[in-house]
Amino acid sequence: MTDAVLSAPIVKPAPDRERLAAFGFVAPSLLIIALVFVLPLALLLGVSVLDPKGGVTSAHYVRLLGTPYYLGVIWNSLRLGLLTTLIAFLVSYPAAFALARARGPLRSILLATLFLPLAASVIVKAFAWTILLRSDGLINAVLIAVGIIEDPIRMIFTQTALIVGAVNIFLPFMALPIYAVVAQLDGRYAEAAATLGASPLVVFFRVILPLTLPGIIAGVALVFSLSVSAYVVPTLLVGEKYPTLATTIAKAYLLAREPGFGAAAGVVLLAIAVIVVALSATLSREPK
Amino acid sequence: MHPFSRRSLLKTSAAFAATLAAPALVRAAPKEIVIGGPAGAAKYFNSDLFPVLEKKLDCKVLYEGTNSLTNLQKMQADKASPKISVVIMDDPVMLPAAAEGLITKMSASAIPNLGKLVDDAVHQDGMWANYQKPWVGIAYSTRRMKTPPVSWAELWDAKYDSKIVVPSLSNTEGFWTLLAAAHLETGKPYKEAQYEIDAGFKKIKSLKANLLNVYTNAPQAINLLEQGEAWMIGGQFSAYTLIRKADGSPVDLAIPRDGGFSMPSGIAKVSGAPAGDLADAAIDFYLSPEAQSILAKTAFIAPTNQATPLPAGYPDPATLFAPDWAFIAKNRAGWVDRWSKEMT
């Protein structure tokens, strides 16, 4: 490990003493990164290609990527991530503008409604949804009282419940980065475009949207990587009916005692998240 | 490497006290014993059983509560110098423990109560013994169901669309639902139906329309029953349901007329463990009518010592079906995989 750290290239050639000082500054963080990030990842990768007899095998990946059932599981995870991200974006984007425009106490109230849910644990929020969605829960009671339905609709343990819950739980991670960008948006750009004859639609798509893109991309990366790997939310809101990569990993480790298969599923999940984050990083550089 | 633990603290303080008060107290240095068992039992073991045990044997009990598989792994890791003296695990997990030599045969001379248990409660010539039999039936919501379910076939009744919860096959109690399904599909008694797994899967797949959820987390399933969201849980332990009923929840456990099941819990002596004599005495206590009466009342489990009076309303332990665990242990991983694929 130390060898790897010592041989790490330093960007610009500098006099020996400066180089040594620079290394001294980064060494502690490199060590921490190696210990808490690189080492566990290497172990995960190692376990995922190890067979019980000690040899190297691709069997776990073949099983994961070659069986229709597990391809379905991967699709379930992706679908949960994509739908949650899309809906969270559609809800957050206009909300971020409302938040940026609001003034005085209203703004404080709106900001508090965005921040406060972050203080409650995911488990509490997921359980709260199971209570709201019950046959004799608040939502059914209201729908019946208003006369929209006669008999309670079954909402608990459905995919709709899962998406609703996931959007609710991960929404702040989309709204906050977009709000941060929108709040700094200079209104004069839009005015200038309008003065030059651009229609409101053109102003939005050619000026506002590109300027807020960094916030959107940050939000998408956050919400997607959180929801694609969510464990508590699908476990509590839909159960075994909607198996995802996260629940498959838990099952492999805790119940089936198949660490190799669990590790392989972990690597695939990580790869999906890394691809999305890398894509969004590339996209965020483009508008410049 | 001396990790700090309650045990090392006790040892140090005992040694310290002994030095101060020597020689009078050396003889009276506290005896202690480590018992490993299920985390779920920790509450009633610690509050109701261990105080009696400690007083009777003049010792201190340290309880390591976790699940059976974790205890098995601990025993594998500590094989050279075992720390746990007595282990309490489900029967299916006792099989590998016995095969790997992690537990040792108990003798009827050191443990007199071994000879007083119901039939089939002592396994492999005394490798382990069942100190209790939680029974398994259909848990139901007394708010939703006017009369208790009388047969396993009721779970399949179309009027219970999306109202049934069953345990996942990953859970121990999950096998009971599969076995009941095999029994219904083939019409054979449990003893023969337990080997008809394909028939079991065929029948259980037809239960999908009635399923509200398949659970791996028992408390969550009982919550659904208490709220009246679920009407019945097929394949549920007495120790789960009746404890909640005793707390006032509107739930109860029915034994269908096709017969209930039992999930006997085993107790065994760890090979080469410290405090061997104390371990024998502790096991004898678990198998005694005194301890079993306490457990029957606090944990709703049927006793195995014939001399223990059976509380009113408890099924006769002899009528509860216990399956061929060796057959299950051998095939289970494949079934769990098949279950995931066919039941989702």
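All of these numbers come straight from a predicted model, not from anything done at the bench. (Residues numbered from 1 in each chain as written. Chains lettered and ligands numbered in written order. Predicted model: local features only at pLDDT ≥ 70, side-chain atom pairs only at ≥ 80, totals over all residues. Heavy atoms only, no water.)

## Side note on the nonpolar core
Residue and element names in this part refer to chain B. Short version of the rule: Put simply, buried Ala, Val, Leu, Ile, Met, Phe, Trp, Tyr and Cys residues joined by side-chain atoms within 4.5 Å make one nonpolar core. Remark: exposure states derive from per-residue accessible area (1.4 Å probe, protein chains only) relative to the maximum for the residue type, with buried under 20%, exposed over 50%, and partly exposed in between. Put simply, DSSP H or I for four residues or longer makes a helix, DSSP E for two residues or longer makes a strand, and each gets a number counted from the N terminus. Residue contacts are counted whenever heavy atoms from the two residues lie within 4.5 Å of one another.
Grouped together as the largest cluster of nonpolar side chains are 57 residues, with contacts concentrated most on Ile103 and Trp176. A per-element tally of this core places helix α5 (residues 174-186) first, with seven residues. Apart from residues no more than four positions distant in its own chain, tryptophan 176 is found in contact with Val136, Gly235, Phe237, Phe261, Ser262, Met263, Phe321, Pro323 and Trp325.

## Examining helix α8 (residues 159-183) of chain A
Note the following rule: What a helix should span is 1.5 Å times the count of its residues minus one. Bend at a residue means the angle formed by two fitted axes: the first through the 7 residues ending at that position, the second through the 7 residues beginning there.
Compared with an ideal rise of 1.5 Å per residue, which puts 25 residues at 36 Å, α8 of chain A spans 35 Å between its outermost C-alpha atoms and is within 8% of the ideal. Of all bends in α8 of chain A, the biggest is about 50°, found at phenylalanine 170 of chain A, and the proline proline 172 of chain A comes one to four residues later.

## Here's the deal with the confidence of the model for chain A
Let me state the cut-off plainly: The predictor reports its confidence for every residue as pLDDT, a score running from 0 up to 100.
Summary statistics for chain A give a mean pLDDT of 88 and a share of 93% for residues scoring 70 or more. Here helix α1 (residues 2-6) of chain A is the element of chain A with the lowest mean pLDDT, 50, and helix α4 (residues 68-101) of chain A is the one with the highest, 94.

## Points about a nonpolar patch on the surface
Our working definition: Here a patch means residues that are over 30% exposed by relative accessible area and free of salt bridges, tied together within 9 Å if like-charged and within 5 Å if nonpolar (Val, Leu, Ile, Met, Phe, Trp, Tyr). Here the open area of atoms and residues is found with the Shrake-Rupley method and a 1.4 Å probe, where only the protein chains shown may cover a residue. Criterion for a salt bridge: a side-chain nitrogen of Lys or Arg within 4 Å of a carboxyl oxygen of Asp or Glu.
Residues Leu31, Ile32, Ile33, Leu35, Val36, Phe37, Val38, Leu39 and Leu43 of chain A make up a contiguous nonpolar surface patch of about 870 Å² in total accessible area. As for its placement among the helices and strands, isoleucine 32 of chain A is situated in helix α2 (residues 16-48).

## Structural notes on the packing of helix α3 (residues 59-66) of chain A against α4 of chain A
Residues and elements named next belong to chain A. How we decide: To obtain an axis, a line is fitted to C-alpha atoms, over the contacting stretch when the element is a helix, and the angle between two such axes runs from 0 to 180 degrees between their N-to-C directions. Under this scheme an angle from 65 to 115 degrees is roughly perpendicular, one under 35 degrees roughly parallel, and one over 145 degrees roughly antiparallel; angles in between are oblique. Side-chain classes are defined by residue name, with Ala, Val, Leu, Ile, Met, Phe, Trp, Tyr, Cys and Pro counting as nonpolar, Asp, Glu, Lys and Arg as charged, and the others, Gly among them, as polar.
Running from N to C, α3 and α4 cross one another at 75°; their axes reach a closest spacing of 5 Å. The orientation of α3 relative to α4 falls into the category roughly perpendicular. Between α3, through Arg63, Leu64, Leu65 and Gly66, and α4, the contact on the second element is made entirely by Pro68, Tyr70, Leu71 and Ile74. Here the residues of the contact of α3 with α4 are counted per class, giving six nonpolar, one polar and one charged.

## Thoughts on the packing of aromatic side chains
Short version of the rule: Put simply, two rings from Phe, Tyr or Trp (the six-membered ring, in Trp's case) pair if the centres are within 6.5 Å, and we call them stacked under 30 degrees between planes, edge-to-face over 60, tilted for the rest. Criterion for a charge above a ring: Lys NZ or Arg CZ within 6 Å of the ring centre, and within 35 degrees of the ring normal.
If you walk through the whole model with that rule in mind, you get 26 aromatic pairs over all chains. Judged by centre distance (4.7 Å) and plane angle (20°), the ring pair of tryptophan 176 of chain B and phenylalanine 261 of chain B falls under stacked. Placement of the pair is tryptophan 176 of chain B in helix α5 and phenylalanine 261 of chain B in strand β12 (residues 261-262), with a sequence separation of 85 residues. Grouping residues by exposure puts tryptophan 176 of chain B and phenylalanine 261 of chain B together as buried. Within the aromatic cluster, the residues linked to one another by ring pairs are Trp152, Phe175, Trp176, Tyr190, Tyr195, Phe261, Phe321, Trp325, Phe327 and Trp335 of chain B. We note arginine 63 of chain A situated over the ring of phenylalanine 261 of chain A; from NZ or CZ to the ring centre the distance is 3.9 Å.

## What to know about the pattern of salt bridges
Applying the stated criterion across every chain yields a total of 19 salt bridges over all chains. Put simply, lysine 83 of chain B and aspartate 78 of chain B hold a salt bridge, and the shortest N to O gap is 3.7 Å. What makes lysine 83 of chain B partly exposed here is its relative accessible area of 37%. Linked by salt bridges that have partners in common, Arg63 and Glu258 of chain A together with Asp337 and Lys341 of chain B make up one network.

## A few points about the packing of helix α2 (residues 42-57) of chain B against helix α11 (residues 289-299) of chain B
Residue and element names in this part refer to chain B. The condition is simple: Take the far helix as your reference; a near helix turned counterclockwise from it by less than a right angle gives a left-handed crossing, and one turned clockwise gives a right-handed crossing.
Running from amino to carboxyl end, α2 crosses α11 at an angle of 165°, the nearest separation of the two axes being 10 Å. Taken together, the axes of α2 and α11 lie roughly antiparallel to each other. In the crossing of α2 with α11, the sense of the turn from one axis to the other is right-handed. Contacts between α2 and α11 involve Tyr44, Phe45, Asp48, Leu49, Val52 and Lys56 from the first element and Glu290, Ala291, Ile294, Leu295, Thr298 and Ala299 from the second. The class makeup of the residues in the contact of α2 with α11 is eight nonpolar, one polar and three charged.

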